[in-house]
Amino acid sequence: MTEDEILAEFRRSDALLEGHFVLSSGRHSDRYLQCARLLMNPTRGSRMAEALAKQIPQNIRRSIDIVVSPAMGGVIIGHEMGRALGTDALFLERPDGTFELRRGFRLEPGQKVLMMEDVVTTGLSSREAIQAIRDAGGDVIAAGALVDRSNGAAQFDVPFFPLVTLNIPSYAADELPPELAAIPTTKPGSRAEPS
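Residues numbered from 1 in each chain as written. Predicted model: local features only at pLDDT ≥ 70, side-chain atom pairs only at ≥ 80, totals over all residues. Heavy atoms only, no water.

Digging into the sheet that holds strand E4 (residues 88-93)
Taken together, the six strands give an open sheet; going across it, the order is E5-E4-E3-E6-E7-E8, and neighbouring strands pair in mixed fashion. Looking at the sheet topology across the chains shown, the edges are occupied by strand E5 (100-101) and strand E8 (160-165). Running at roughly 130 degrees to E8, helix H3 (residues 42-55) makes contact with strand E6 (112-120), strand E7 (139-148) and E8 of the sheet. Contacting strand E3 (66-70), E4, E6 and E7, helix H6 (residues 124-135) crosses the sheet at an angle of about 160 degrees to E6. (Pairing = 2+ DSSP bridges. Helix = DSSP H or I, 4+ residues; strand = E, 2+ residues; numbered from the N terminus. Contact = heavy atoms within 4.5 Å. Axes fitted to C-alpha atoms, helices over the stretch in contact; angles between N-to-C directions.)

Encoded structure:
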């Protein structure tokens, strides 16, 4: 899939929103990618995952034993990546603010993991997920995301494969451009706003 085709899918599903949004990272943006809307259609979600799986080099793709994603946003795309790669898919939760495997999920020591996200803005959640996977015994060999909107800021110690990279600016709360500051904020993500 081309970038234009991917963005057309976001637009068709009303998943590319405009306004003033507070992102999970605490940063502010005039655009928000509501991947849950994109992924609410299983056929579309499957196509996105298959397109991303094709972008992962074959030697890495063949080595992946399991997909692990952070809840809430990564659950559906993680599941679809598991389907595309022919592996199981687990998810991490934050019952007390720190990612952990629950629900009887476990990793075998040294199991090769693809950590899968929906959207990466700063990379903090992804790095926390990677650490939780390692703490649970997994060997993270790659990270993936539907969208990298970090403008190159997200850095990982494993190869990172986004389906699409979008350069959408985001701002700290004390650095808002006047036109954005004039619009009421919306907090559309699943995580509580940082204090």
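As for the packing of aromatic side chains
What the rule picks out here adds up to three aromatic pairs. Residues phenylalanine 21 and tyrosine 32 carry aromatic rings whose centres are separated by 5.7 Å and whose planes lie at 35 degrees to one another, so their mutual orientation is tilted. In this pair, phenylalanine 21 is assigned in strand E1 (residues 16-22) and tyrosine 32 in strand E2 (residues 28-33), connecting sequence segments 11 residues apart. By relative accessible area, which is 6% here, phenylalanine 21 ends up buried. Ring geometry for phenylalanine 91 and phenylalanine 105: centres 5.2 Å apart, planes at 85 degrees, overall edge-to-face. With a gap of 14 residues between them, phenylalanine 91 in strand E4 and phenylalanine 105 in the loop between E5 and E6 connect regions that are remote in the sequence. (Phe/Tyr/Trp six-rings, centres within 6.5 Å; stacked < 30°, edge-to-face > 60°. Buried < 20%, exposed > 50% of the residue type's maximum accessible area, 1.4 Å probe, protein only.)

Notes on the pairing of E6
E6 sits mainly inside the fold: eight of its nine residues count as buried. Bridge count between E3 and E6: three bridges; the pairing is parallel. Bridge pairing in E6 places isoleucine 66 opposite valine 113. Pairing of E6 with E7, which is carried by eight bridges, proceeds in the parallel orientation. Within E7, the residue paired with glutamate 117 across the bridge is alanine 145. In the classification by handedness, the crossover that spans E6, the intervening H6 and the parallel E7 is right-handed. (Right-handed = clockwise from strand over helix to strand, strands pointing away.)

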